[in-house]
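# Chain and residue survey
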Amino acid sequence: MQYVQLNDGNKIPTVGFGVFQIENDGPTYDAVKYALKVGYRHIDTAAAYFNESDVGRAVKNSGIEREEIFVTSKLWLQDHGYEAAKKAVDVSLQKLGLDYMDLYLIHQPYGDVLGAWQALEEAKHAGKIKSIGVSNMSPKIYSELVPQFSTLPAVNQVECNPTFQQKELRYLMDKDGVKLEAWYPLGHGDKKLLENPAISAMAKKYGKNAGQIILRFEVQEGFIILPKSTNPERIAGNINIFDFELTSDEINTIRAMDTGKGSHNPDAPGVGDNLLRNYKIHD
Ligand code: A2P
């Protein structure tokens, strides 16, 4: 497994296993156990995924040392503000059954983000969280909020793949040494992308599948990637991307596929309110 150094000195495995939309009480436990067995050392969950307890159980029962597994969770919007966020960190720890989380993110950048961030900074100082970060910050939101933080985020987890390469955001984040974590790194299974002839030709050349070519491109671009699969062969294959290297011409071919648009626009009016209405993690 390859690691990336964060701006706070901690190291994070380049490829993580995401558990969004996998049920708790069994399915997430089995999926995480399997992912750890085939070599993943980085699991990405969230309070709003409702499966932190299965993640924690799988980590505990894996037989792998806790320090070797990087566990991320995320604060939900309902718990923004200083006091609520402080409590929410403890609830996540309790559900995970862990003494610390490796990374805790502000999942959505709306409401009282500054108060929540202060709570995360304090939890980091108290040793409850090793690294803190943000998620779904567009260039506009990042430029408004991050300059008001007294600690820089270690990462910003956003939608990112060859058709949406986040060039403007990466320019801003690079200046701060903030790493990009990519959700939907395969365009959420986008057929047009996975069947792109140039990508298929590279797959043939390297004896890999199209998904592995896309993930390799992203790793060479410096992203931390969270590919999702429920297929055991592809789960294992998606971390088997460190035994070949794309040429600079191939990198440029994939760079040219950027459309500058993704499926989610964090700047759209009402996004925060809609998310809050649609996902309730407690009363
Ligand atoms: P499956 O679960 O059948 O493997 P994203 O990570 O961008 O959300 O994409 C997830 C989608 O991509 C899922 O539909 C998943 O299907 C598919 N997928 C995952 N890995 C690969 C791969 N290596 N090649 C092609 N499709 C993949």
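To keep things clear, this report deals only with the structure shown in the data block. (Residues numbered from 1 in each chain as written. Predicted model: local features only at pLDDT ≥ 70, side-chain atom pairs only at ≥ 80, totals over all residues. Heavy atoms only, no water.)

### Overview of the pattern of salt bridges
We count it as follows: Counted as salt bridges are all cases of a side-chain nitrogen of Lys or Arg within 4 Å of a carboxyl oxygen of Asp or Glu. A run of DSSP states H or I qualifies as a helix once it reaches four residues; a run of E qualifies as a strand once it reaches two. Both are numbered from the N-terminal end. Exposure is judged per residue with a 1.4 Å probe applied to protein chains only, and the accessible area is read against the type maximum: over 50% gives exposed, under 20% gives buried, and values in between give partly exposed.
The tally for this structure, following the rule as stated, stands at 11 salt bridges. For Arg170, the salt bridge goes to Glu221, with nearest N and O atoms at 3.4 Å. With Arg170 in helix α6 (residues 167-176) and Glu221 in the loop between α9 (210-220) and β10 (224-225), this residue pair connects regions lying 51 residues apart in the sequence. For the pair shown, Arg170 and Glu221 are each scored as buried. For the salt bridge of Arg255 with Glu221, the shortest nitrogen-to-oxygen distance reads 2.8 Å.

### Comments concerning the packing of helix α1 (residues 27-37) against helix α2 (residues 52-60)
This is how the line gets drawn: Fitted lines through C-alpha atoms serve as axes, helices being fitted only where they are in contact, and the angles separating the N-to-C directions of these axes extend from 0 to 180 degrees. Here is the rule for angles: anything less than 35 degrees is roughly parallel, anything more than 145 is roughly antiparallel, 65 through 115 is roughly perpendicular, and the remaining ranges are oblique. Each crossing gets its handedness from the near helix: less than a right angle anticlockwise from the far helix is left-handed, clockwise is right-handed. By definition in these notes, contact holds between two residues if any of their heavy atoms fall within 4.5 Å. Ten residues, namely Ala, Val, Leu, Ile, Met, Phe, Trp, Tyr, Cys and Pro, are considered nonpolar, four, namely Asp, Glu, Lys and Arg, are considered charged, and the remaining ones, Gly among them, are considered polar.
Between α1 and α2, the shortest axis-to-axis distance is 8 Å and the interhelical angle comes to 40°. Put simply, α1 runs oblique to α2. The interaxial crossing formed by α1 with α2 has right-handed handedness. Between α1, through Pro27, Thr28, Tyr29, Val32, Lys33 and Leu36, and α2, the contact on the second element is made entirely by Asp54, Val55, Arg57, Ala58 and Val59. Here the residues of the contact of α1 with α2 are counted per class, giving 7 nonpolar, 1 polar and 3 charged.

### Things to note about the environment of Lys208
Topologically, Lys208 is positioned in the loop between α8 (197-206) and α9. Linking Lys208 and Phe244, residues 36 residues apart in sequence, is a C-alpha distance of 9.4 Å. Once you skip the residues sitting within four places of it in the chain, Lys208 turns out to touch Ala203, Ile213, Asn240, Asp243 and Phe244.

### Here we look at the layout of surface pockets
This is how it is decided: Here a cavity denotes grid points, spaced 1 Å and computed from the protein atoms alone, that fit a 1.4 Å probe unable to get out, and a pocket denotes an open set having protein on both sides within 12 Å along at least 5 of 7 lines; residues with an atom within 4 Å of a point are the lining. Grid points are joined across faces, edges and corners, and a volume is the space filled by probe spheres set on the points.
Approximately 900 Å³ is the volume found for the largest pocket. Tallied by class, residues from the lining of the largest pocket come to 14 nonpolar, 17 polar and 4 charged.

### Some thoughts on the side chain of Thr14
Mapped onto the elements, Thr14 comes out in the loop between β2 (11-13) and β3 (17-18). With residues near it in sequence (within four places) discarded, Thr14 still touches Met1, Gln2, Tyr3, Val4, Val219, Phe223, Ile224, Ile225 and Phe242.

### Focus on the environment of Asn265
Heads up, the rule is: Between N or O atoms, a polar contact is any pair within 3.5 Å; within protein, one atom must be a potential hydrogen donor and the other a potential acceptor, and residues adjacent in sequence are included only when both atoms are from side chains.
Note that Asn265 resides in the loop between α11 (248-255) and α12 (271-278). Under the relative-accessibility criterion, Asn265 is labelled partly exposed at 44%. For Asn265 and Ile141, which are 124 residues apart along the polypeptide, the C-alpha to C-alpha distance reads 11 Å. Of the polar contacts made by the side chain of Asn265, one reaches the backbone nitrogen of Asp267; its length is 2.9 Å.

### As for the packing of aromatic side chains
Put simply, the rule is: Only rings of Phe, Tyr and Trp enter the pairing, Trp through its six-membered ring, and a pair is recorded when the two centres are within 6.5 Å. The plane angle decides the type: under 30 degrees is stacked, over 60 is edge-to-face, the rest tilted.
Applying the stated rule across the entire model yields 6 aromatic pairs. Arranged with centres 4.4 Å apart and planes meeting at 15°, the rings of Trp117 and Phe149 form a pair that is stacked. Linking Trp117 in helix α4 (residues 113-125) with Phe149 in the loop between α5 (139-145) and β8 (155-159), this pair joins segments that are 32 residues apart in sequence. Of the two residues, Trp117 and Phe149, both sit in the buried class. Note on Trp183 and Tyr184: the rings are 4.7 Å apart at their centroids and 80° apart in plane angle, and the pair reads as edge-to-face. The exposure class assigned to Trp183 is buried, which follows from its relative accessible area of 18%.

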